[in-house]
Amino acid sequence: MGISRRKFIGGLGALALGPAMGIPGTARGASNKEFAGWPDSQSVLHDITKCIGCRKCESACHRVNHLPDPETSFEDLTVLDQKRRTDADIFTVVNRVDNILPVFVKTQCNHCLEPACASACFVKALEKTPEGAVVYNEKLCVGCRYCMVACPFNIPAYEYHKALAPRVTKCTMCHPRILEGKRPGCVEECPAGALISGTRDELLAYAWDRIRTYPERYVSHVYGEHEMGGTSWLYLSGLPFGQVGMREDLGTKSAPELTSGPLSAVPIVVGLWPVLLTGVYAISKRKEKIAEQEKQAAVADAVDQSKKQAQARMETLRKKWEQEKQSAINFEVKKALEDAAAKDPEPGQSKEDE
Amino acid sequence: MTDNGTHTDRKWWTPFNVIVGIILAAGAILTVMRFTQGIGAVTNLDNNNAWGLWIGFDLLCGVALAAGGYVTSAACYIFGLKRFHSAVRPAILTAFLGYALVVLALHYDVGRPWRLPYPIFVSQGTSSLLFEVGLCVFLYLTVLFIEFTPAAFEWLGLKKIRALVVKLTLILTIFGVVLSTLHQSSLGALFMIAPSKLHPLWYSGYLPVYFFISSMFAGMSMVIFESTLAHRYLSRHMDDTHHREAPGVALGFAKAAAFVMAGYLGIKLIGIAIDDHWRLLTTGWGMWYLVEVIGFVAFPALLFAMGVRERNLIFVRWAAAWTVLGIVLNRLNISVIAFNYHLPSHERYVPSLMEIGTSVFIVTLGIVIYRFITTRMPVLHEHPDYSAHSPEQKSI
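The paragraphs below set out a description of the structure included in this document.

1. Details of the overall build of chain B
In terms of helices and strands, chain B carries 14 helices and 0 strands. Seen in sequence order, chain B has helices and strands lined up from the N terminus as α-α-α-α-α-α-α-α-α-α-α-α-α-α. Against the compact-globule benchmark of 21 Å for 396 residues, chain B has a radius of gyration of 21 Å, which places it among compact chains. Dimensions of chain B along its principal axes, counting C-alpha atoms only, are 60 × 50 × 45 Å. Burial statistics for chain B: of 396 residues in total, 59% are counted as buried.

What follows is the structure in structure tokens.
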């Protein structure tokens, strides 16, 4: 035996633990694979109840991302009177929702764990990094804008007025800063403590701790924990999220799950269609061939039949003719005999003479 | 439309040529604007509405209505329905032009059209349904091109290479059906990633199936519709075989379309039942949905069936045109009208006149090229050297 008992048991252990520990390279079989996000990836928690609508995060975002200055300065808070969304050179906006007291909500890319945009991109120009950010590579982008169609949060924007090299733009979670070990620009600037950064696990634990500690202050839901399979940007709110302009009907399925069905049909079609279609072709060809054979057989049969009939007719004719001939012979013989009898009245005598 | 066909006494100032000239000139101006000032200068697209008429009409309808190519060639070469033979070439030509124009239209719609080969040759985003669409359209365009070349080779008198291509007919046809199944359905599946944006009456797990099944009767109707127009305007280029077979082709496809449309209605009903969306049917969107499904599928299906029973070609032709309209309505509903239905009306998308102008320009370009080819190459008639009815010359 080439395998020792210890090795065998160790192997069993690896088989059992492999999938549980997520060891790369171990077989998962048909198990449901679920991606719960990169371990220790960076996240941001936005506590809506703490936001004061000062727009400091917006100005910080513009500064660190070197975006062009807007027409109205960031000091001007009247822009909060209108509903805004992210734009080609605006990666984040704060909107006011009027309740008994005004409520401010910051909007930017939520950096989904399994992003719809990245799953939709047909050149892999969008990518979820292990550090947490969803980043865009303009060197690959064709500009089809399917990412914008796919994004459930309506975040990516497009440089529609650039003729030559338009880009998709969106919040980068300050990926370069995160790589340097710094916090995102908006988080660093927030004077109200409405933005906190950390690992996703930490922030989730913290958010639920807040909800449990101040149940009267928060609705019991961390937005982004499960929405669209989970996001790296998490939210706490005092009002139901639907009332602060965030969609509550997105479901918990990630974008790749939504399209895995049709994608899995591709190999089946490629595998089965040629076989089935060739079969159909072969059947129709064979039908044609059989029809042709049957036709030939029928023709041969008909020919045969008519030949037989002709033969039969010939036969009867021949018989009749033979009969007629026979009777004619008989008649001739008889006649000859009679003639002979008339010439020689005693034929018996001549026989006796011999 | 006057078309006297002879090159010696061609009249240039015909109404057809004048209208076409104006459209092509306008298209040239729009093209210059698009490529010097950007997509934003000619379209009403914005960040919430990233896809508009150029995707909804030029791409989705273009591909669906070009389905006549795979439907007709499959009927003739795979299912062995030889009476469709004279319809194969015009259908292949329409399909090839349709797909070529889809690709042309994409050059206007995407931001950096020179990168359109990227998904195939540079960076393959295999998790995207758009990747599948792109790859299939690229391969199918190649297949259609090869399938059409025998007509061009006959015109040019290249007998040997023609004979070589004709030998590939069956393989090309099967390949064409596989590719069409994949990308016709994937165009519907594109929208499965956005359940929060497309109205639930149109959003369904069956979207790919709906798109594939509807592409079949879209293709059949388009063959009938196109043949109606060709008989009116290009009749002199048709031979006796084409004239003799055309009513049979129309009635045959009408019968098939009536059946497929009935099946389509069945699966639409199952889709509503599975998602339990019955109560949505009584809303405003529900009425609009019923207009599409009853007015533009059930009604023309019935008209097809009656046309077949009475052997009434007028019914069949009207049903075909009506079905084509219905396909356009369906594709626009899914990509534009019922898409982003939740946005307030001032954030909704309505195409600009320049977008519509560009789409009209591209369709016109297709008609002009179709006429150029059919008046020269053996498409509506057989080349005398390669008659299909001589057994050793089975032409495409």
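Structure's up, so let's keep going.
2. So, the packing of helix 4 (residues 68–78) of chain B against helix 10 (residues 207–233) of chain B
Residue and element names in this part refer to chain B. Between helix 4 and helix 10, the least distance of the axes is 7 Å, while the angle of their chain directions is 80 degrees. Between helix 4 and helix 10, the crossing angle belongs to the class labelled roughly perpendicular. Residues Gly-68, Tyr-70, Val-71 and Thr-72 of helix 4 form the contact with helix 10, whose participating residues are Phe-212, Ser-215, Met-216, Gly-219, Met-220 and Val-223. Looking at the contact of helix 4 with helix 10 residue by residue, the class counts come to 6 nonpolar, 4 polar and no charged.

3. Some points on the pairing of strand 1 (residues 42–47) of chain A
Residue and element names in this part refer to chain A. Where burial is concerned, most of strand 1 is hidden: 5 out of the 6 residues are buried. Bridge analysis of strand 1 against strand 8 (residues 195–199) gives 5 bridges, and the strand direction is antiparallel. Of the residues in strand 8, the one forming a bridge with His-46 is Leu-195. Inspection of the sheet shows strand 1 paired to strand 9 (residues 233–236) by 4 bridges, in the parallel sense. Bridging across to strand 9, His-46 finds its partner in Tyr-235.

4. So, helix 7 (residues 200–213) of chain A
Structural remark: α-helix, 3.6 residues per turn; residues separated by three or four positions point the same way. Residues and elements named next belong to chain A. For helix 7, which comprises 14 residues, the first-to-last C-alpha distance of 20 Å matches the rise-based estimate of 20 Å (1.5 Å per residue) to within 8%. All of the buried residues along helix 7 are Arg-200, Leu-203, Leu-204, Ala-207, Arg-210 and Ile-211. Summarising the axial view, the buried residues of helix 7 lie within an arc of 125 degrees, below the 170-degree limit, and thus occupy one face. For helix 7, exposure combined with an orientation more than 90 degrees from the buried face picks out Asp-201 and Arg-212.

Rules of the game
- Along every chain, residues carry numbers that run from 1 in the direction the sequence is written.
- By the order in which they are written, chains take letters starting at A while ligands take numbers starting at 1.
- Totals for whole chains, interfaces and linings use all residues, but because this is a predicted model, local features are given only for residues with pLDDT of at least 70 and pairs of side-chain atoms are given and counted only at 80 or more.
- Side-chain numbers come from the whole structure's heavy atoms, not from hydrogens or water.
- A run of H or I in DSSP counts as a helix once it spans at least four residues, and a run of E counts as a strand once it spans at least two, with each numbered from the N terminus.
- All radius of gyration figures rest on C-alpha atoms, and the globule criterion is 2.2 Å times the number of residues raised to 0.38.
- Classification of residues uses two cut-offs on accessible area relative to the type maximum, computed with a 1.4 Å probe and protein chains only: under 20% is buried, over 50% is exposed, and between them is partly exposed.
- Convention adopted: a line fitted to C-alpha atoms gives each axis, helices being fitted over their contacting stretch, and angles between N-to-C directions are expressed from 0 to 180 degrees.
- In what follows, roughly perpendicular refers to angles from 65 to 115 degrees, roughly parallel to angles under 35, roughly antiparallel to angles over 145, and oblique to any angle outside these ranges.
- Contact definition: two residues touch when any of their heavy atoms are within 4.5 Å.
- Side-chain classes are defined by residue name, with Ala, Val, Leu, Ile, Met, Phe, Trp, Tyr, Cys and Pro counting as nonpolar, Asp, Glu, Lys and Arg as charged, and the others, Gly among them, as polar.
- Strands qualify as paired when DSSP identifies two bridges or more between them.
- A helix's residues, less one, multiplied by 1.5 Å, set its expected span.
- Summarising the geometry, the arc corresponds to the directions from the helix axis toward the C-beta atoms.

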